[in-house]
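Below, each chain spelled out in residue letters.
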Amino acid sequence: MNQNHKILTILAILSFFLLYFLVPEEKKDSISTLEGVTLTSVNGQQFRLAGQFTTKPILFVFWSTTCGSCIEEIPFIMKLQETFKDKITIIGIHPNFPLKKIQKFIKKYKPSITYTLAIDSQDSLTKSYNVSILPRTLLVDNKGKVLYDHLGYSPDNEKEVTDAISSIAIN
């Protein structure tokens with residue numbers, strides 16, 4: 001092997017190393033499984049997304065007590081809960097936030113919120129699905145693969161969201 005071949009081989013190895021270790025991974029639109037995800041209930045109890053929560057698709061509704069659109073969206077999500085209660089599970093996910101403030105909001109909110117609420121205290125779902133703008137609605141299968149993704153809320157979009165969830169939930 002001559003000198004030029006040695007240099008090219010070394011450059012190829014270095015290039016591979018640089019690409020493999022320095023180029024960031026592409027963001028995935030799902031996580032490997034929902035079984036290991038731990039959330040905190042609004043009562044302060046930690047629970048895993050296992051068993052009853054992974055037998056049918058889950059509609060994650062990422063929201064915040066400090067987000068006006070999120071609060072405006074709550075009655076719509078309650079309608080979705082009533083319409084699809086046998087087809088999907090709805091969980092309102094509040095990114096990591098003081099439990100007492102969320103509990104205070106829930107006590108004051110009338111009528112009572114009819115779907116499950118949880119806090120992503122470890123930000124595992126929030127980070128996995130790259131949620132940075134609220135509200136965000138994700139319908140996922142039991143493995144965590146995104147089936148439907150909707151960002152924001154407007155009463156004008158309710159039919160679109162309902163139709164999309166309906167077409168996926170029925171299949």
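Above this note sits the structure.
Quick look at the structure, then. (Residues numbered from 1 in each chain as written. Predicted model: local features only at pLDDT ≥ 70, side-chain atom pairs only at ≥ 80, totals over all residues. Heavy atoms only, no water.)

## Concerning the pattern of salt bridges
Argument step 1. What the rule picks out here adds up to three salt bridges.
Argument step 2. Measuring nitrogen to oxygen at the nearest pair gives 2.7 Å for the salt bridge that ties Arg136 to Asp149. Within this pair, whereas Arg136 is found in strand β6 (residues 136-140), its partner Asp149 is found in strand β7 (residues 146-151), the two being separated by 13 residues in sequence.
Argument step 3. Among the ionic pairs, Lys159 bridges to Asp163, the shortest N-O distance being 2.7 Å. Here Lys159 and its partner Asp163 are both found in helix α5 (residues 158-170), four residues apart, which amounts to about one turn of the helix. (Salt bridge = Lys/Arg side-chain N within 4 Å of Asp/Glu carboxyl O. Helix = DSSP H or I, 4+ residues; strand = E, 2+ residues; numbered from the N terminus.)

## So, the sheet that holds strand β5 (residues 116-120)
Argument step 1. Read across the sheet, seven strands follow the order β2-β1-β5-β4-β3-β6-β7 without closing on themselves; strand pairing throughout is mixed. Here the strands that pair on one side only, and so sit at the sheet edges, are β2 (46-48) and β7. Strand after strand, the sheet turns through a mean of 30° between neighbouring axes, direction not considered.
Argument step 2. Bridge count between strand β4 (residues 89-95) and β5: five bridges; the pairing is parallel. Counted as the bridge partner of Ile91 is Thr116 from β5. (Pairing = 2+ DSSP bridges. Axes fitted to C-alpha atoms, helices over the stretch in contact; angles between N-to-C directions.)

## Side note on helix α2 (residues 68-84)
Argument step 1. With 17 residues, α2 should cover 24 Å at 1.5 Å per step; its first-to-last C-alpha distance of 25 Å lies within 8% of that length.
Argument step 2. Roughly 40° is the biggest bend found in α2, and it falls at Ile74, with proline Pro75 one to four residues downstream.
Argument step 3. Among the residues of α2, those classed as buried are Cys70, Glu73, Ile74, Phe76, Ile77, Met78, Leu80 and Phe84. (Expected span 1.5 Å × (residues − 1). Bend = angle between axes of the 7 residues up to and from the residue. Buried < 20%, exposed > 50% of the residue type's maximum accessible area, 1.4 Å probe, protein only.)

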